[in-house]
Amino acid sequence: MNGYAIVTEKMTKVYGGGSLRLGIPGVPPSARAERGVPRSPPPVEDDARGIVAVDHVDMRVRSGGVFGLLGPNGAGKTTIIKLLTGLSDLTAGTAQVAGFDVQKDPLEVKQRVGWVAAEVILDDDLSGWENLWLQAKLQRLADWKGRAEELLKYFELTDRKKDKVGHYSTGMRKKLEIALALLHEPELIFMDEPTIGLDPNTRQMLWQLITGVNREFGTSVLLTTHYIEEADRLCSEVAIIDHGRFVAQGSPAELKSRVQADFVELETAEEVTDERLRGIPGVSEVRTQGKVWMLKVASAEEVIPNILRALDAGKIHRINVEKPSLETVFLNITGKHIDQVGADIPDYRKFYASMMRARR
Amino acid sequence: MSADVPRGPPGQRRMPPRGVVGGQWSQFSGLTARELIKTFRNPWVILITFAQPFMWLAFFGSSFANVSVAYLDKLLDAPPGTGYLDFLLPGVLATSMMSVGMFGSMSTIQDKRFGFMKRILITPTTKATVYLSKVVGSATRGLVQIPVMIVAAWAFGVHFNGSVLMWAGWIAGLVLLGIGFSAFFLAITASSTDWQTPGVIANFITMPLMFASGALFPASNYPGWMQTIANWNPVGYSALLGRGVLVYANPDWLYLGYLGLFALLMIVIGTLVAARYLRTE
Ligand SMILES: Nc1ncnc2c1ncn2[C@@H]1O[C@H](COP(=O)(O)OP(=O)(O)O)[C@@H](O)[C@H]1O
Ligand SMILES: [Mg+2]
């Protein structure tokens, strides 16, 4: 199909929401998501018309590569996977996956894609082999045993195939889940936060496996992550997503080359102002996150001496330098870290809002 | 990692031809088998399946132990020498079919909670298929109680009447009753994700339908409003059909027809409801 595994146009998902929701297909992309604008907590309008989890996303994923959706918690990554696999209905827009429209031909899409959940989902009461058997039944495969054996061998699970999955280690469970996703030879496999909650060794192992699956099985991969390093290492193309919108897209190298700057993060007990920091030679932009100042600079090495001269060096608690990386790409666009502590506070607000709604 | 890696030729996929019923048979049979494997691998299920019939007959069946059979037969409107156990057995079997839907309902909620429903629905499997597999799975689980209970009844000295054909009809009626209730139960819990729901609903429907059915006591002694419920109660149809076989050796086959209608209606409505309202998580 013309080289694209996924093509979406204005794909939008709104959870909940009242009568205002009727207006959604026409609403312009929310203003808060404009490029480069630092975000305040979600506007109240968000509650009135529901939670806009995916906001007018135009997405093109080439066949054959590893495409990464990089974004903080609550950015809408899982929701995008649910929309693209037909688990959840689009509120507006269209999505084509593996050559079929997800809304018109969901079953066609579903027999061409595989899925690996963030939380490993297997039937713990069944053995590894029985899980594969059930997957074969669900995918209507007549002749699956040979392939299942091969996959078990590839993932080094052959001698445990008769054991109940409940007794597997986390790494083994993850591997079995990938084997299930590959059983029907999908064109495209979705992996939602594939290494979340794994120890560093297992993560390394999984990174190798994902690259292996992509190269050796010829399967396109779409993965989501909030680990910079993961996106950088695995993905041929990365889309950075924040508040349900794509804010940047390209190969990791391209994205990094776009930000011709370092970031200096500064914590000080001194009373300082925007103006004073902006007056330091070499500082081009200043943002605050509570007590933390974020300075965009041409070259951190040259600017740090200036900072120490301009401020009371004795009152500085901490200086941290971010060299060009996907992290600075994200910083540059959104003014915050991807993995920021407290970054999901708006999520709690939404969560409580939806709880209150549910109680009523 | 080994070198001989399975290769999926892009674009060229081994897909079996579409079968009947929109090609859902493979998924349906797989899911039903999963349901049964999981059920019968659980030792508690086995224990309860075998213990329950004996407890019913031992405790309930002994309630009138000190009442003379002649008086009892008059009260039950049964032929002389029948006794309460003979009268009770078809009723108890009918009653036990009523709660089978609870099993399927709980396993559905478990699948939603543990995310397995997503794993199923991300394959070319429809919600209707998931629903039907749960209905058949839980009805089958209920059906294994039938032979156990009949053996238990025999051990308690119940007199057996009727021909093989009559028995087959009676058991078919029980199957239909089990399917009907399980379809009903699963439909009303289709959108639920709460562990409590199946228990609450089971209590809510089981109690009135059990007592307003003629399953445990003859309906002729009921007040008018309870007789009205009993007249529309499929549990009662099954009890009367069974009693017709076991006590009188002269069943009224119309009851079997009613039960068939009940099962069909519940399946049709339930499938429509589930296709629309079955929640994924
Ligand atoms: N079923 C749901 N109902 C209501 N809101 C939801 C639901 N699922 C996700 N959300 C909200 O949608 C937003 C995006 O969530 P999600 O796609 O899970 O993000 P991510 O996977 O990037 O962490 C969040 O604000 C989340 O709270
Ligand atoms: Mg997620």
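Okay, so let's go over this structure. (Residues numbered from 1 in each chain as written. Chains lettered and ligands numbered in written order. Predicted model: local features only at pLDDT ≥ 70, side-chain atom pairs only at ≥ 80, totals over all residues. Heavy atoms only, no water.)

## Quick notes on the overall build of chain B
Note the following rule: Think of it this way: any DSSP run of H or I at least four residues long counts as a helix, any run of E at least two long counts as a strand, and we number them from the N terminus. For every residue, the accessible area obtained with a 1.4 Å probe (protein chains only) is divided by the maximum for its type, and the residue is called buried under 20%, exposed over 50%, and partly exposed between those limits. Contacts: residue pairs with any heavy atoms within 4.5 Å of one another.
Looking only at helices and strands, chain B features 13 helices and 0 strands. Each helix and strand of chain B, ordered N terminal to C terminal, gives the series α-α-α-α-α-α-α-α-α-α-α-α-α. Dimensions of chain B, computed from the C-alpha atoms along their principal axes, are close to 80 × 40 × 35 Å. For chain B, the proportion of its 281 residues judged to be buried stands at 51%. When contacts within chain B are restricted to residue pairs at least 6 apart in sequence, those whose partners lie at least 24 apart make up 79%.

## Here we look at the layout of surface pockets
Empty space among the atoms becomes visible once a probe the size of a water molecule is rolled across them. The condition is simple: Detection works on a 1 Å grid of protein atoms alone, calling trapped sets that fit a 1.4 Å probe cavities and calling open sets with protein on both sides within 12 Å along at least five of seven lines pockets, with lining residues defined by an atom within 4 Å of a point. Grid points are joined across faces, edges and corners, and a volume is the space filled by probe spheres set on the points. The nonpolar class holds Ala, Val, Leu, Ile, Met, Phe, Trp, Tyr, Cys and Pro. Asp, Glu, Lys and Arg form the charged class, and all remaining residues, Gly among them, are polar.
Taken as a whole, the second largest pocket spans an internal volume of roughly 740 Å³. L87, S88 and D89 of chain A together with K127 and T280 of chain B are, among the 25 residues lining the second largest pocket, the residues nearest its centre. Secondary-structure elements contributing two or more residues to the lining of the second largest pocket are β1 (4-15) and α3 (106-110) of chain A together with α13 (254-277) of chain B. Of the residues in the lining of the second largest pocket, the class split is 10 nonpolar, 7 polar and 8 charged.

## Digging into the environment of M205 of chain A
Examined against the element boundaries, M205 of chain A turns out to sit in helix α7 (residues 200-216). Placed 110 residues apart in sequence, M205 of chain A and K315 of chain A show a C-alpha to C-alpha distance of 44 Å.

## Some points on the interface of chain B and chain A
Operational definition: Summed over both partners, the accessible surface that disappears when two parts come together, traced with a 1.4 Å probe, is what is meant by buried area. The working definition used for a salt bridge is a side-chain nitrogen of Lys or Arg within 4 Å of a carboxyl oxygen of Asp or Glu. N or O atoms within 3.5 Å of each other form a polar contact, as long as, within protein, one can give a hydrogen and the other can take it, and as long as residues adjacent in sequence are counted only when both atoms are side-chain atoms.
Between chain B and chain A, the residue contacts involve 39 residues of the former and 44 residues of the latter. Here chain B packs against chain A, burying approximately 4100 Å² in sum over the two surfaces, 54% of which is carbon and sulfur. For the pair chain B and chain A, the number of links is 7 salt bridges. A salt bridge links R34 of chain B to D123 of chain A, with the nearest nitrogen and oxygen atoms 2.6 Å apart. For the interface between chain B and chain A, the tally reads 12 residue pairs in polar contact (both at pLDDT 80 or more). Of all the secondary structure elements, the ones that give two or more residues to the side of chain B that touches chain A are α1 (25-40) and α6 (116-121) of chain B. Ranked by residues supplied to the side of chain B that touches chain A, first place goes to α1 of chain B with 9 residues. Looking at the side of chain B that touches chain A residue by residue, the class counts come to 15 nonpolar, 13 polar and 11 charged.

## Digging into the nonpolar core
Convention followed: Residues belong to a common nonpolar core when they are buried Ala, Val, Leu, Ile, Met, Phe, Trp, Tyr or Cys residues joined through side-chain atoms within 4.5 Å. Each domain's extent was defined by an automatic or database domain assignment.
Membership of the largest hydrophobic core comes to 55 residues, with the highest contact counts inside it found for L132, F155, I178 and I240 of chain A. By residue number, the principal contributor to this core is helix α6 (residues 170-182) of chain A, which donates 7 residues. Taken domain by domain, the makeup of this core includes at least three residues from each of domain 1 (4-112 + 186-255) and domain 2 (261-323) of chain A. Those residues in contact with I178 of chain A, other than ones at most four positions away along the chain, are V116, F155, I189, M191, L206 and V213 of chain A. Counting 44 residues, the second-largest nonpolar core is a separate cluster that includes L57, I146, L174 and L241 of chain B.

## Considering the site of ligand 1
Residues and elements named next belong to chain A. What counts, and what does not: Definition of nearness: a residue and a molecule or strand are near each other if at least one heavy atom of the residue lies within 4 Å of the molecule or strand. Accessibility throughout is a Shrake-Rupley quantity obtained with a 1.4 Å probe, and a residue counts as covered only by protein chains that appear here.
As a matter of local geometry, ligand 1 sits amid 13 residues, with G74, G76, K77, T78 and T79 nearest to it. In this structure, K77 approaches ligand 1 through a main-chain N or O atom, which is 2.8 Å from an oxygen atom. The separation between an oxygen atom of ligand 1 and a polar side-chain atom of T79 is 2.5 Å. Contact with the protein chains covers 71% of the free accessible surface of ligand 1, which is 560 Å². Listed by contribution, the elements that provide at least two residues to the shell around ligand 1 are β2 (51-62), α2 (77-84) and α13 (345-359). In terms of residue class, the shell around ligand 1 is built from 5 nonpolar, 5 polar and 3 charged.

## A word on the side chain of K13 of chain A
Residues and elements named next belong to chain A. Put simply, the test is: A residue counts as positive if it is Lys or Arg and as negative if it is Asp or Glu; His and the chain ends are not included.
Tracing the sequence through the fold places K13 in strand β1. Despite its burial, K13 remains without a salt bridge, the nearest opposite charge being carried by D89 at 6.2 Å. In this structure the side chain of K13 is engaged in a polar contact, spanning 3.2 Å, whose partner is the side chain of S88. A polar side-chain atom of K13 sits 2.8 Å from the main-chain carbonyl oxygen of D89.

## So, empty space enclosed by the protein
Counting across every chain of the model gives 2 cavities of 30 Å³ or more. The calculated volume of the largest cavity comes to roughly 40 Å³. Every residue along the wall of the largest cavity is listed here: T108, V130, Y131, K134, L186, T189, A190 and L278 of chain B. It is helix α7 (residues 127-143) of chain B that contributes the most residues to the lining of the largest cavity, 3 residues altogether. A per-class count over the lining of the largest cavity returns 5 nonpolar, 2 polar and 1 charged. Its volume calculated, the second largest cavity comes out at about 30 Å³. Together, F263, E285, V286, R287, M294, K296 and N332 of chain A line the second largest cavity. Those elements that provide at least two residues to the lining of the second largest cavity are β12 (283-289) and β13 (292-297) of chain A. Considering every element that reaches the lining of the second largest cavity, the biggest residue donor is β12 of chain A, with 3 residues. Looking at the lining of the second largest cavity, its residues break down into 3 nonpolar, 1 polar and 3 charged.

## What about the packing of aromatic side chains?
All names here are of chain B. To keep things clear, this is the line we draw: Pairing of aromatic rings covers Phe, Tyr and Trp, the last through its six-membered ring, and needs centres within 6.5 Å; plane angles under 30 degrees mean stacked, over 60 mean edge-to-face, and all others mean tilted.
All chains considered together, the criterion is met by 17 aromatic pairs over all chains. Here the aromatic rings of W167 and W170 are separated by 5.2 Å at their centres, their planes lie at 75°, and the arrangement is edge-to-face. Within this pair, W167 and its partner W170 are both found in helix α9 (residues 164-188), separated by 3 residues, close to a single helical turn. For the pair formed by W167 and W170, the shared burial category is buried.

## A few points about unusual backbone geometry
A positive phi is found at A98 of chain A, a non-glycine position, where the angle reads about 50°. Residue A98 of chain A is classed as buried on the basis of its relative accessible area, which comes to 7%. Residue D77 of chain B is not a glycine yet carries a positive backbone phi of 60°. By the element assignment, D77 of chain B lies in the loop between α3 (69-76) and α4 (83-98).

## Regarding helix α12 (residues 326-334) of chain A
All names here are of chain A. Within α12, 9 of the 9 residues are buried, which leaves the element mostly enclosed by the surrounding structure. Of all the residues in α12, the buried ones are L326, E327, T328, V329, F330, L331, N332, I333 and T334. The opening residue of α12, the one whose side-chain oxygen lies 3.0 Å from the backbone nitrogen of E327, is S325. Once α12 finishes, G335 follows within two positions and takes phi at roughly 75°, a positive value.

## Here we look at a nonpolar patch on the surface
Residue and element names in this part refer to chain B. Heads up, the rule is: A patch consists of residues whose relative accessible area exceeds 30% and which take part in no salt bridge; residues with like charges are grouped when within 9 Å of each other, and nonpolar side chains (Val, Leu, Ile, Met, Phe, Trp, Tyr) when within 5 Å.
On the surface, a nonpolar cluster with roughly 250 Å² of combined accessible area is contributed by F40, I46 and F50. Within the element layout of this structure, F40 appears in helix α1. Owing to a relative accessible area of 33%, F40 belongs among the partly exposed residues under this scheme.

## Section: the pairing of strand β6 (residues 113-116) of chain A
All names here are of chain A. Where we set the bar: Pairing between two strands requires that DSSP report at least two bridges joining them.
In β6, alternate side chains face the same way, and those of V113 and W115 on one face and G114 and V116 on the other are all buried. Of the strand pairs in this sheet, β6 and strand β7 (residues 188-192) are connected by 4 bridges, and their pairing is parallel. Directly across from V116, in β7, lies its bridge partner M191.

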